[in-house]
Amino acid sequence: MQDKKLLEGVISDYYNSVEDSFNYRLKNTWKIQISTFFFILSTGFLIFNILPFLPASIDNYLLWLFLKIKNNVIFENEEYSFWIQWALGSILSILIFVITFTIFRYWNIKEHKKAIKISHLQFCYAYILRKEIKSFLINENVSHLENISKYFNIVNSDLVLTPFYSNNKDQTTKIAIYELRNLLLKKYNWIEFSKETNELIDAFESINLKIKNRITQKAELEKVVPFVDILTLYEFSFIKPNLKNFQEIELKEQRFTYLKEIVKELNLLSNYEDLNEIERTKKSNIKSILNFFANLFTSSNILIMFISWLILLIIIFVATSILIIKKINIEVDSTILIGLLSAPFLGAITLSATIYSKNKNN
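About the criteria used
- Residues numbered from 1 in each chain as written.
- Predicted model: local features only at pLDDT ≥ 70, side-chain atom pairs only at ≥ 80, totals over all residues.
- Heavy atoms only, no water.
- Helix = DSSP H or I, 4+ residues; strand = E, 2+ residues; numbered from the N terminus.
- Buried < 20%, exposed > 50% of the residue type's maximum accessible area, 1.4 Å probe, protein only.
- Contact = heavy atoms within 4.5 Å.
- Areas by Shrake-Rupley, 256 points an atom, 1.4 Å probe, with all protein chains shown as cover.
- Core = buried A, V, L, I, M, F, W, Y, C linked by side-chain atoms within 4.5 Å.
- Phe/Tyr/Trp six-rings, centres within 6.5 Å; stacked < 30°, edge-to-face > 60°.
- Axes fitted to C-alpha atoms, helices over the stretch in contact; angles between N-to-C directions.
- Parallel < 35°, antiparallel > 145°, perpendicular 65-115°, else oblique.
- Left-handed = near helix turned anticlockwise from the far one by under 90°.
- Nonpolar A, V, L, I, M, F, W, Y, C, P; charged D, E, K, R; others polar.

Points about the overall build of the protein
Link 1 in the chain: Broken down by element type, the protein carries 14 helices and two strands.
Link 2 in the chain: Evaluated residue by residue, the protein yields a buried proportion of 40% over its 362 residues.
Link 3 in the chain: Sequence-distant contacts in the protein: of pairs separated by 6 or more residues, those separated by 24 or more amount to 72%.
Link 4 in the chain: A total of about 21,600 Å² of accessible surface is found on the protein, and carbon and sulfur atoms cover 60% of it.

This is how it looks when you write it as structure tokens:
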């Protein structure tokens, strides 16, 4: 395929130009994620203190802090009342919020200035996978093998997995395109896929036996290179869609051609049996459930994300509200009731808007 010449030209030059920002994201992703996590956590902590749910629901809330301050400051009223708990909780949560926001803001700016866009990651993973395989075939340095499986799993997941999830008693995971096809055909017998679509989906289904097993066994890697070449071209077409190839055709118009080439390359390969017959360990139920809920609270669909946060906050607020009423023995009037009802909405709006804005910018 003539477009493969682009790999050693414009595509190679592009990757070299963004390699530093790609490596920066790989190196600092955990810092960016942690700063975001603690910022969201501190936001919730601030809301629960200001309202005030935590001071009313926990006995001797922040008593250790009160005693520490008391040793250095003389209080006219030494009784540790609910109002002192409220004041300490509010001040502490504001300080923590300011600190975490400062850290979050720092890494947010760093991310936009130094890290490659998330939308460009798949191309970079495909290119570096190709680079690692070719380097190993040249110098046989085993250090390259350490990354090949990791990068392949990433690019293969992006190619094969759909945005939909399968739910069963064993696990909750993204569903592969060939599994989704089978489910749709079973459920709706009026659906019909074209011949080319079926060939493509069948080819995707064979990737594990033909490509992944070779990578897992570190065998016949030279036969994997043509597949990775086309995959790299396909991913690059999303980076520079208007770039023209040697036939003066824009790359975005070549995407289906690249997919058909992937089918052709896979059809040329025979299945490669895993000699070790090691069954991949399934994710535990707890981890799968946590991943499922984590995706709900960071969904790209702002409505789903808002509803998820709203339900969680309503559950928390109802429980804590009952504790507050019993703790301080107050009469619930319309003002308090409105505050209790509006708090989950305000919290859900704040959290979902912050996360959605960050995802959109990326």
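Thoughts on the nonpolar core
Link 1 in the chain: By size, the foremost hydrophobic cluster in this structure holds 52 residues, and its most contacted members are F123, F204, I207, I211 and F227.
Link 2 in the chain: Looking at this core, the element that brings in the most residues is helix α5 (residues 121-139), giving 10 residues.
Link 3 in the chain: Residues contacting F123, with those up to four places away along its chain left out, are I11, Y14, Y15, T232, E235, F236 and I239.
Link 4 in the chain: Membership of the second largest hydrophobic core comes to 22 residues, among which are L54, L62, F297 and M305.

Examining the packing of aromatic side chains
Link 1 in the chain: If you walk through the whole model with that rule in mind, you get 20 aromatic pairs.
Link 2 in the chain: A centroid spacing of 5.7 Å and a plane angle of 65 degrees characterise the contact between Y14 and F236, whose relative ring orientation is edge-to-face. Here the residue Y14 occupies a position in helix α1 (residues 10-50), and F236 occupies one in helix α10 (residues 225-239), the gap between them amounting to 222 residues. A single burial state applies to Y14 and to F236, both of which are buried.
Link 3 in the chain: Centre to centre, the rings of F37 and F38 are 5.4 Å apart; their planes meet at 75 degrees, and the pair counts as edge-to-face.
Link 4 in the chain: On the accessibility criterion, F37 (49% relative accessible area) is partly exposed.
Link 5 in the chain: Judged by relative accessible area, F38 falls into the partly exposed class, the value being 43%.
Link 6 in the chain: The structure contains a cluster of three or more aromatic residues connected by ring pairs, namely Y14, Y15, F22, F123, Y125, Y127, Y151 and F236.

Considerations on the packing of α10 against helix α11 (residues 255-268)
Helix packing for two helices is described by the angle between their axes and how far apart those axes are.
Link 1 in the chain: The contact between α10 and α11 brings their axes to 9 Å, and the two run at 165 degrees. By the angle between their axes, α10 is roughly antiparallel relative to α11. As for how α10 packs across α11, the hand of that crossing is left-handed. Contacts from P226, F227, I230, L231, L233, Y234, S237 and F238 in α10 reach R255, Y258, L259, E261, I262, E265 and L266 in α11.
Link 2 in the chain: Within the contact of α10 with α11, the residues separate by chemical class into 11 nonpolar, one polar and three charged.

Considerations on unusual backbone geometry
Link 1 in the chain: For the bond running from L51 to P52, omega is 5 degrees, close enough to zero to count as cis.
Link 2 in the chain: Residues other than glycine seldom take positive phi values, yet E140 does so here, at roughly 55 degrees.
Link 3 in the chain: Mapped onto the elements, E140 comes out in the loop between α5 and α6 (145-160).
Link 4 in the chain: On the accessibility criterion, E140 (60% relative accessible area) is exposed.

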